[in-house]
Amino acid sequence: MTSPAPTPAIPDGPPESIRFKRRNPVLRAPGDIWRARSLVRSLAERELRALYKQAALGVAWAVLTPISLMLVLTIVFQRVANVPTGGVPYSIFAYVGLVSWNFFSGSVTSGGMSLVNQMPLVNKLNCPREVFPLSSIAVTAVNSIIASFVLVILFVINGFAPKITSPVAIIPLIVQIAFTVAITLLVSCTTVYLRDLRHALPIILQLGLFATPIAYGLEQIPEQWRPLYSIVNPLGPIIDSYRETILYGRMPNWYLLGLGTLSTLVLLIGGLKLFRRLDMGFADVA
Amino acid sequence: MSPERAAGSIQVEQLWKRFRSDKAPRALRDRVLTMRPGANTADKFRWVLRDISFELVPGDAVGLIGANGSGKSTLLKILTGVMYPYAGRYEVNGRVGALLEVRAGLHGDLTGRENIYLYGGLLGLSRQQVTERFDDIVEFAVLEDAIDRQVKFYSSGMGMRLGFSVAAFLEPDILLVDEALAVGDSFFQQRCLDRMRDLLRQGTSLVLVSHDMAAVESVCRRGIWLKDGVLQVDTDVRSALGEYRTWLDDAYHTWIDETSGEAVFRPGTIDVIKAEVANATGGLPTSGKELVVDLVLDSPRDVEGDLCVGVTEGTASPMFIVTEGTRLREGRTRIRCTIPHLPVAAGRYYLWIEFDSGDGETRIPWQPTGPFTVDGRGLDRTPIGVMRASAIQVDASWTAPEDA
């Protein structure tokens, strides 16, 4: 009769010398993500298909949200507060800010929850986990592009033409994408550990809507505070740059946009670093 | 990944993994509370994998076995790359196809067709590669026209067939499978085993986690038994399963009294005083030879009923059973049952008995009376991928007549 094998002598814990370490997690991140780009596409496509298959109004939702907000802002700020816009129709002025804000807040909301909501997939699939928040950002980007068509209609209705400097808006756009990615990465990986963020996030974003020059212009902020403001909230100089280039035919305020870019870069690297660190424990806590 | 290692090989060295043992969800509230000075911040941990080392060469087929919570799935998750160890080194070389939970990648709102492309993408196939395999996948999954229906209207079996089929046509260097076979019907399970066998023949390495020991035995050549996160046995699959089974029996069947080593019988209105298994001369039973079961039963009164004696591999389901109408006197009755040709192969088995008088009162519940070892002939070889229902071994004579 065979007796069960005796338990071999095992120490209580591993020697510190063999602690597992990932090699260059942050340096490898961009390459990993690039190799998984088709996965980002697949996930975003899945999201978009599912989104518009289920909703009766479909694509219309992408347009209805910013339009209704724009109407509210137009009534409240233009009629009541009479915000100066420098001769630009207020609806256009506000809508430019709203579309870019919606891209940011929509990305942070859906991307921030992307890991938590797709935990079964996160736990079963070997891929750079950044693909989940990134695909949410891609979905929001598609919605924002659809919403941007309304801007064209607004231009026609108001008989207002975008200025010749409009192509320069690509620069603040790149900064905004980087900033959005940075914040979305930070929020998504911390939410896995601190689920309360799910409730705190809408409140913070609601405040952000008013703390960002969307209904009003950047010049409403006292001049001496603007540099500090641009560092804390890069969306300020970003949205201001959109307006300067598209609506006023001027160059962006490079100094403020530069400050915003600087803090965006710091946040982006920090976001990647934190993400790659917390990522190692995702499957443990979920 | 180091280039000098062959695709399809795995090296694991001194792997340790721990989990937090306070399982309560940690919310911001808790963080704030523990930030107070003097709050107990020391986290409690428990080790789920301890000092695991093993190696896989291309084409190896390993079954990971062990009780629930022994660390099998954790080990597989680390190999898949979704979890990270606390200490140690591991290397997984080549393309990994992992089937941790086949339905995980499917999206209910999309059709089967859309899901095949999506899931293929998730598993690392390009659109082009999925298109090439599309017909094979649909055929293997037996979906037919359901392919253009939303997956949320699929039965669970259809969803899991879809998931497995996509993964099975990945043609990976290493296939990691966790209990994926448990869902399908037996027809589909057999097809999955067939597919795994095909992949093995093409040189794919396989790590299979399953509680279905017959499935493990049929596909795997090697068995690794984990017990409480410690690697107990790493040897050929039959021996590993045998040792694991023996431990399972000892751990879960409490009929052996720990101090005396005597059998402890469940209370019935009839007591089992003795149950012994031997060969004709009182020695160790031998495969294909005579088996003698000696029973002594103690009944409170005269009673008539059916006495069943069965032989099992440890579970309650017998490989065979013999039943006889029996009359018990008040007091002790000796009963001897002789089986002329014991049809089981050499190994460790269990004798179970039951007595039912039909009046619902005077009976012995179906229970094991203890293990016994059978000597002699072992099991004949089974084709790879074929499941043997039980360890029955019969004699056969083979001839090769000239006039075919």
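Look up a bit, the structure's there.
Below, the structure is looked at part by part.

What counts as what
- Residues numbered from 1 in each chain as written.
- Chains lettered and ligands numbered in written order.
- Predicted model: local features only at pLDDT ≥ 70, side-chain atom pairs only at ≥ 80, totals over all residues.
- Helix = DSSP H or I, 4+ residues; strand = E, 2+ residues; numbered from the N terminus.
- Buried ≥ 20, exposed ≤ 12 C-beta atoms within 10 Å, placed from the backbone.
- Contact = placed C-beta atoms within 7 Å.
- Expected span 1.5 Å × (residues − 1).
- Pairing = 2+ DSSP bridges.
- Axes fitted to C-alpha atoms, helices over the stretch in contact; angles between N-to-C directions.
- Parallel < 35°, antiparallel > 145°, perpendicular 65-115°, else oblique.
- Left-handed = near helix turned anticlockwise from the far one by under 90°.
- Nonpolar A, V, L, I, M, F, W, Y, C, P; charged D, E, K, R; others polar.
- Core = buried A, V, L, I, M, F, W, Y, C linked by C-beta atoms within 7 Å.

1. Some details on the overall build of chain B
Helices and strands together make up the secondary structure of chain B, namely eight helices and 16 strands. Buried residues in chain B amount to 38% of all 404 residues. For chain B, the proportion of contacts with a sequence separation of at least 24, taken over those separated by at least 6, is 71%.

2. As for helix H5 (residues 156-168) of chain B
Residues and elements named next belong to chain B. Here H5 contains 13 residues, and its C-alpha end-to-end distance of 18 Å stays within 8% of the 18 Å for a straight helix at 1.5 Å per residue. Three or more residues of H5 are buried, namely Gly159, Met160, Arg161, Leu162, Gly163, Phe164, Ser165, Val166, Ala167 and Ala168. Looking at the buried residues of H5, the elements they touch are strand S5 (96-99), helix H3 (112-122), helix H4 (127-141) and helix H6 (186-201).

3. Quick look at unusual backbone geometry
All names here are of chain B. With a phi close to 50°, Val142 is a non-glycine residue in the positive phi region. Residues other than glycine seldom take positive phi values, yet Asp228 does so here, at roughly 50°. With 17 C-beta atoms packed within 10 Å, Asp228 lands in the partly exposed category.

4. Considerations on the sheet that holds strand S13 (residues 318-328) of chain B
Residues and elements named next belong to chain B. The strand order S13-S12-S15-S16 describes an open sheet built from four strands, whose pairing is antiparallel. Across the chains shown, the open sheet's two edge strands, defined by having one partner strand only, are S13 and strand S16 (363-374). Direction aside, the axes of adjacent strands within the sheet are offset by 20° on average. Sheet topology note: the strand S12 (residues 303-312)/strand S15 (residues 347-356) ladder contains seven bridges and is antiparallel. Bridge pairing in S15 links Val311 to Leu351.

5. With respect to the sheet that holds strand S11 (residues 291-299) of chain B
Strand pairs in the sheet, formed through backbone hydrogen bonds, run parallel or antiparallel to each other. Residues and elements named next belong to chain B. An order of S10-S11-S14 is seen for the three strands of this open sheet, with the pairing classed as antiparallel. Unpaired on one side and paired on the other, strand S10 (271-278) and strand S14 (331-339) mark the two borders of the sheet. For this sheet the average axis-to-axis angle between neighbouring strands, irrespective of direction, equals 15°. Relative to S14, S11 runs antiparallel, the two sharing nine bridges. Bridging across to S14, Leu297 finds its partner in Thr333.

6. Describing H6 of chain B
Residue and element names in this part refer to chain B. For H6, spanning 16 residues, the distance from its first C-alpha to its last is 22 Å, which sits close to the expected 22 Å at 1.5 Å a residue. The inward-facing, buried residues of H6 abut strand S3 (61-65), H5, strand S6 (174-178), strand S7 (205-209) and helix H7 (213-219). The first or second residue beyond H6 is Gly203, which carries a positive phi of 100°.

7. Things to note about the packing of helix H4 (residues 90-117) of chain A against helix H6 (residues 131-158) of chain A
Residues and elements named next belong to chain A. One can describe the packing of H4 onto H6 by two numbers: an axis separation of 8 Å at closest approach and a directional angle of 165°. Classified by the angle their axes make, H4 and H6 are roughly antiparallel. The handedness of the crossing between H4 and H6 is right-handed. Taken together, the residues of the contact of H4 with H6 sort by class into 15 nonpolar, 13 polar and no charged.

8. Side note on the nonpolar core
If you look at the biggest cluster of nonpolar residues, it comprises 132 residues, and the most contacted ones within it are Ala94 of chain A together with Leu64, Leu79, Leu176, Leu206 and Leu208 of chain B. A per-element tally of this core places H4 of chain A first, with 13 residues. Apart from the residues lying within four places of it in its own chain, the contact partners of Leu206 of chain B are Ala61, Val62, Leu175, Met196, Leu200 and Val219 of chain B.

Just distances and angles here, no functional claims.
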